[in-house]
Amino acid sequence: MTVGLAQALAAVELAVGDPDRSRELAADARAIDPGCVEVAAVAERALGLAAIAQGDLTRSLVHLRRGVRRAERGGLPQRAAEARTTLAFALTEVGDTRTALRELELARSGLTGLPAAKWSIQHATVLMRLGRLDEALTAYRTAMPVVRREGHQLLEGQLRLNRAILLTKRGAWRAAEDDLVAAERLLQGAGRPHEAAVARHNRGYLAALRGDLPAALAHFDAAEMAYRAAGGYLGLLPTHRAEVLLSVGLVDEGRAAAETAVTEYAARKQVADLAEARLVLAHAALLTGDVPAARVQAEHASRAFRQQHRPAWDALARYVLLRAGWQDGACTPALLRAGRRTVADLAAAGWLAQSVDAQLLVARTALALGRPETARRDLAAVGSRRRHGPADLRARAWHGEALLRLAAGDRRGAVRALQAGLRVLDALRATLGATELRAAVSYHGTDLAKTGLAMALASRQPAGVLLWSERWRASALRARPVRPPDDAELTGLLAELRRLGAAVDDAVRAGHDPRPLLHRQATVEVAVCRAARHAVRDPREPPTGLASPAALAAALGSRVLIEYVGFQGHVTAVVVAGGRLRLHDVGSLEQVNGELECIQYAQRRLAHGGLPAPVHAAVTAAARHAAEVLDGLLLRPLSSVVGDRELVVVPTGALHALPWAALPSTSGRPITLVPSAALWLRGATSSDQPSGPTVLAAGPGLPAAAAEVAALAEHYGDALALTGAAATAPAVLAGADGARLVHLAAHGCFRADNPLFSCLELADGPLMVYDLEMLRAAPRQLVLSACDSGLSDVRPGDELMGLAAVLLALGTRSVIASVAPVPDEGTHELMLALHRGLRVGRSPAEALAAARQDVTAGDPSTSAALAAASFVCFGG
């Protein structure tokens, strides 16, 4: 073997793991032996492989075709066959599977031994892309004995890596996992870190299919680090991560990930991967309600799959188009016919979850068209899947079973089926430790809960409406969040975020460009989210839903509970008072939200101050009018039942952000807001006793904060008071762990883009929700003297994400916080009055109501009165 040929063959071996070095070696080989045809052919193959590794498929095709031509002209059939085999892979990647198969057939005759085994492996890969799984498995079985006999560690790793994909598609998950673990070890040992990263990536995909979402995300994160360390292309990782995010209900983040994948694959001209990414993006658009965008992406994907001769994938694209038609309200005979064809094609291609969902849509279309017998047959087929497969598939199957029983007039059976479907999602939620993942699971229960709620509302049963509302409401808050397995990693990332926040402020003040710091800040935030999602939990946790309306009524005593339920654009109230349950129709959700927006706008304008007197008067008058209208919708019609009693309110949707004290009917009345009646009942019947210290802390930038803490410290003699440089996030967290009472006076920030980064500004930077989730024992009572500290993002199922909501999940009995910006001066006065009430033994809601009365003093236009209207008592 000449030196030039040795260099060229080394370039082939390095092409995937180190494409830049491979290109250098290929160039050196041609320079060493410029007249050798074999060196030229092998070097061209190496350059083609390197181009594939770098995502440049157009360049790879040029080099590989040139390699084939040079080998054939030089009478080198084995080198030509090797180049054709690699060319077939590149053609598969660009979607030209028909030509890929033709090249493989041309290559076959020139190969024996180990090269023939390599050919079988590549042939199997193309067959998999075409959905010909049995033929592909046969090809792998043919190759494995040869590869193992030759002791080729690299090739065995590659074979196992590819075969695992096939086994995954066939549902042989344990065998697939075994192949992937072995492949990762073999490829790492063979010096192929990029391909070892692919094996770890595929372990994540397999975990996602099994429903182990924390493991899937952990594998994906490890794979991304490995890909980047190897300097290689991320492959389908962005698409697969988007699929997992969508599967757990994180639809906005999933859509953003899918859009990124589409942009990247389009730029690289990787049309096969691009078609799959478009399909995921279409699904994401549907989940966000963007039917036109979903239809466009699905049609693009469908055309591409047909051009690439991938009928199995085309069936998936038509499934998304079917969902788009249903979501758009097009219940027509044409949709029914298209749906039947799609169901058959999905089942034939092995897409079981999608075929079940498509059949459910077909059945619902048949019901809408007045064809109950047709619908019953389809629903019966759907119901057969309710005990096997991923959680979202089983939940949908139970929904189909419920519809079947309803169509047969079996209402009780339908209720049992709906409850069974929700229990499937409860079991999934119970395995997830991260707050946002647990909250997102409720998305999959939407149809189940809405069907149950519709049945209860139609029958005008207050107890049924309350139970169905509670069954779906704030389920993620029923068990405290779990810390991820590597606390040190997350703690370090949060500390870095605080440092970056301070550095950004310093850069802005100094007139420097903060963009590099902001970019790093965004990168660290992504790392925090990913680390938190690795958390898993013991699946045993408290049952979801309200066990008994009677137990709730008994615990309320003289209080009145009002639970607001939003359904199909209308708001209904369930009132629990004096042991009785009543229903009250509130009105249009649109009207309620419109008046609420008016109040919120006015509060923000007034809190910032500086308004001319006429403008101030006009804004105040508009806010009062909106409050009167809302009071007339939400509370005043219930006055004969409520009387002057203390209120426990369970809001829905945007009403979680309503400053309830602004409504006339709440004047002087204790009122507590809770995410759900079940959470309130758990707190009300808890036997834990107050313990731990009192902690008072003041953040920077608020002139009145230090004075507020100093004044309170005089009355709480044993309190830990943290001000100035001592009021750091670690110090506050250490003091708050298990505290009886914590008072934090600081600037607050609600992050609508990611509520778990909502924060309070302390001496060393932001104290975030993620920090609070690290507490071993939550403080019993918490007062947040800060703007917007009580706001939460409201997700499907009235799942709440924000400071106050997470603290309640951690076990805090009550949180007093604001749902609007508040003036510093007025807040100071209100806080001192609040603590006077707490020190004499009043409950948090009673103390806040009394403090409002004290500071308002008959004049609702003062800054103290404005602050008083913005603060709310959450929890017990």
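The shown structure was predicted, so the numbers you read here are calculated from the model rather than taken from an experiment.

Draft legend 1. Examining the overall build of the protein more closely. Regarding its fold elements, the protein presents 39 helices and 16 strands. At 31 Å, the protein has a C-alpha radius of gyration in line with the 29 Å of a compact globule built from 876 residues. Long-range pairs, those at least 24 residues apart, make up 69% of the contacts in the protein between residues at least 6 apart in sequence. Element-wise, carbon and sulfur atoms account for 53% of the exposed surface of the protein, whose accessible area totals about 34,000 Å². With 98 positive and 88 negative side-chain charges, the protein shows a separation of 7 Å between the mean positions of the two kinds.

Draft legend 2. Focus on the sheet that holds strand 9 (residues 748-749). One open sheet accounts for three strands, arranged 9-10-11; its pairing is antiparallel. Strands with a single pairing partner mark the edges of an open sheet, and in this sheet they are strand 9 and strand 11 (765-768). In the sheet, strand 10 (residues 759-762) pairs with strand 11 via four bridges, with the strands oriented antiparallel. What sits directly across from Leu762, in strand 11, is Gly765.

Draft legend 3. Region of the structure containing the nonpolar core. Core analysis: the largest hydrophobic core is formed by 82 residues, its most contacted members being Ile562, Tyr564, Leu634 and Trp660. In terms of residue count, helix 36 (residues 803-810) provides more of this core than any other element does, six residues in total. In this structure, Ile562 is in contact with Ala573, Val574, Val575, Leu635, Leu638, Val642, Leu647, Val648, Val649 and Val650, ignoring residues within four places of it in sequence. Judged by nonpolar contacts, the second largest core, of 68 residues, contains Leu217, Leu234, Leu236 and Ala553.

Draft legend 4. Region of interest: the pattern of salt bridges. Per the stated rule, a full pass over the model turns up 48 salt bridges. For Asp179, the salt bridge is made with Arg160, and the minimal N-O distance between the two is 2.7 Å. Pair noted here: Asp179 is in helix 10 (residues 173-189) and Arg160 is in helix 9 (residues 153-169), with a separation of 19 residues, a long-range link. Each member of the pair, Asp179 as well as Arg160, carries the same accessibility label: buried. The salt bridge involving Arg559 is made with Glu646; its shortest N-O contact spans 3.9 Å.

Draft legend 5. Highlighting helix 9. Taking 1.5 Å of rise per residue, 17 residues should cover 24 Å, and helix 9 covers 25 Å from first to last C-alpha, within 8% of that figure. When you tally the buried positions in helix 9, you get 14 out of 17 residues, the bulk of the element. Remark: Gly171 follows helix 9 within two positions and exhibits a positive phi of approximately 85°.

Draft legend 6. Main features of the state of the cysteines. Scanning all chains against the criterion turns up zero disulfides. Of all cysteine sulfurs, the one in Cys759 lies closest to Cys749, which takes part in no disulfide; the gap is 4.9 Å. By relative accessible area, which is 36% here, Cys749 ends up partly exposed.

Draft legend 7. Region of interest: the packing of helix 1 (residues 3-14) against helix 2 (residues 19-32). Look at helix 1 against helix 2: their axes get within 8 Å of each other, and the N-to-C directions meet at 165°. Considered as vectors, helix 1 and helix 2 are oriented roughly antiparallel to each other. Judged by the sense of rotation from one axis to the other, the crossing of helix 1 with helix 2 is left-handed. Across the interface between the two elements, Val3, Gly4, Gln7, Ala8, Ala10, Ala11 and Leu14 from helix 1 touch Pro19, Arg21, Ser22, Leu25, Ala26, Asp28, Ala29 and Ile32 from helix 2. Looking at the contact of helix 1 with helix 2 residue by residue, the class counts come to 10 nonpolar, three polar and two charged.

Draft legend 8. Geometry of helix 17 (residues 311-327). For helix 17, built from 17 residues, the straight-helix expectation of 24 Å at 1.5 Å per residue is met to within 8% by its first-to-last C-alpha distance of 24 Å. The set of residues buried in helix 17 consists of Ala312, Trp313, Asp314, Ala315, Leu316, Ala317, Tyr319, Val320, Leu322, Ala324 and Gly325. Residues of helix 17 that are buried make contact with helix 7 (113-129), helix 9, helix 15 (271-287), helix 16 (291-307), helix 18 (333-349) and helix 19 (352-368). Immediately beyond the C-terminal end of helix 17, within one or two residues, lies Gly329, with a positive phi of roughly 85°.

Draft legend 9. Structural context of the sheet that holds strand 3 (residues 580-588). Strand order in this open sheet of 11 strands is 3-2-1-4-5-16-15-12-8-6-7, and the pairing throughout is mixed. For this open sheet the edge positions go to strand 3 and strand 7 (720-722), each flanked by a neighbour on one side alone. Neighbouring strand axes in the sheet, compared pairwise and without regard to direction, differ in orientation by 20° on average. Each of strand 6 (694-698), strand 7, strand 8 (741-745) and strand 12 (781-785) touches helix 33 (residues 703-715); the most contacted strand, strand 6, lies at about 160° to it.

Draft legend 10. Quick peek at the environment of Leu379. Among the structural elements, Leu379 can be located in helix 20 (residues 372-383). For Leu379, a relative accessible area of 0% corresponds to the buried category. Along the sequence, Leu379 and Val362 sit 17 residues apart, while their C-alpha atoms lie 8.9 Å from each other.

Draft legend 11. Layout of the packing of aromatic side chains. What the rule picks out here adds up to three aromatic pairs. Taking 5.7 Å as the distance between ring centres and 35° as the angle between the ring planes, the aromatic pair formed by Phe305 and Trp313 counts as tilted. Classification of Trp313 as buried rests on a relative accessible area of 15%. For Arg839, the ring lying beneath its charged end belongs to Tyr716, and the centroid distance is 5.8 Å.

Draft legend 12. Region of the structure containing the packing of helix 3 (residues 37-53) against helix 5 (residues 77-93). Across the interface, helix 3 lies against helix 5 with an axial gap of 10 Å and an inter-helix angle of 15°. In terms of orientation, helix 3 and helix 5 fall into the roughly parallel class. With respect to the hand of their crossing, helix 3 and helix 5 are arranged in left-handed fashion. Side by side, helix 3 and helix 5 meet where Glu38, Val42, Arg45, Leu49 and Ile52 of the first sit next to Arg79, Glu82, Ala83, Thr86, Phe89 and Ala90 of the second. Split into classes, the residues belonging to the contact of helix 3 with helix 5 amount to six nonpolar, one polar and four charged.

Draft legend 13. Broad picture of the pairing of strand 15 (residues 814-818). Taken across its five residues, strand 15 has five buried, putting it largely inside the fold. Judged by which residues are buried, strand 15 turns out to be covered on both faces: Ser814, Ile816 and Ser818 on one side and Val815 and Ala817 on the other are all buried. Examined bridge by bridge, strand 12 and strand 15 share three bridges and lie parallel to one another. Within strand 15, the position partnered with Gln781 by the bridge is Ser814.

Draft legend 14. Expanded view of the confidence of the model for the protein. Considering every residue of the protein, the mean pLDDT works out to 85; 94% of them sit at 70 or more. Ranking the elements of the protein by mean pLDDT puts helix 23 (residues 435-441) last, at 70, and strand 4 (residues 647-650) first, at 96.

Draft legend 15. Molecular detail of unusual backbone geometry. Even without being glycine, Arg460 reaches a positive phi, approximately 55°. The topology assignment puts Arg460 in the loop between helix 24 (446-459) and helix 25 (462-472). The backbone of Asp788 sits at a positive phi, close to 60°, despite the residue not being glycine. Topologically, Asp788 is positioned in the loop between strand 12 and strand 13 (793-795). For Asp788, a relative accessible area of 14% translates into the label buried.

Draft legend 16. Local environment of the environment of Ser588. By the element assignment, Ser588 lies in strand 3. Take Ser588: its relative accessible area is 29%, and that puts it in the partly exposed class. Between the C-alpha atoms of Ser588 and Val855, which are 267 residues apart in sequence, the distance is 35 Å. Excluding residues that lie within four positions of it along the chain, Ser588 makes contacts with Gly569 and His570. Within the local environment of Ser588, its side chain forms a polar contact with the backbone nitrogen of Gln591, the two atoms lying 3.2 Å apart.

The rules behind the values
Residues numbered from 1 in each chain as written. Predicted model: local features only at pLDDT ≥ 70, side-chain atom pairs only at ≥ 80, totals over all residues. Heavy atoms only, no water. Helix = DSSP H or I, 4+ residues; strand = E, 2+ residues; numbered from the N terminus. Rg over C-alpha atoms; globule rule 2.2 N^0.38 Å. Contact = heavy atoms within 4.5 Å. Areas by Shrake-Rupley, 256 points an atom, 1.4 Å probe, with all protein chains shown as cover. Lys, Arg positive; Asp, Glu negative; His and termini not counted. Charge placed at Lys NZ, Arg CZ, Asp CG, Glu CD. Pairing = 2+ DSSP bridges. Core = buried A, V, L, I, M, F, W, Y, C linked by side-chain atoms within 4.5 Å. Buried < 20%, exposed > 50% of the residue type's maximum accessible area, 1.4 Å probe, protein only. Salt bridge = Lys/Arg side-chain N within 4 Å of Asp/Glu carboxyl O. Expected span 1.5 Å × (residues − 1). Disulfide = S-S within 2.5 Å. Axes fitted to C-alpha atoms, helices over the stretch in contact; angles between N-to-C directions. Parallel < 35°, antiparallel > 145°, perpendicular 65-115°, else oblique. Left-handed = near helix turned anticlockwise from the far one by under 90°. Nonpolar A, V, L, I, M, F, W, Y, C, P; charged D, E, K, R; others polar. Phe/Tyr/Trp six-rings, centres within 6.5 Å; stacked < 30°, edge-to-face > 60°. Lys NZ or Arg CZ within 6 Å of the ring centre and 35° of its normal. pLDDT = per-residue confidence, 0-100. Polar contact = N/O pair within 3.5 Å; in protein donor to acceptor, adjacent residues only side chain to side chain.

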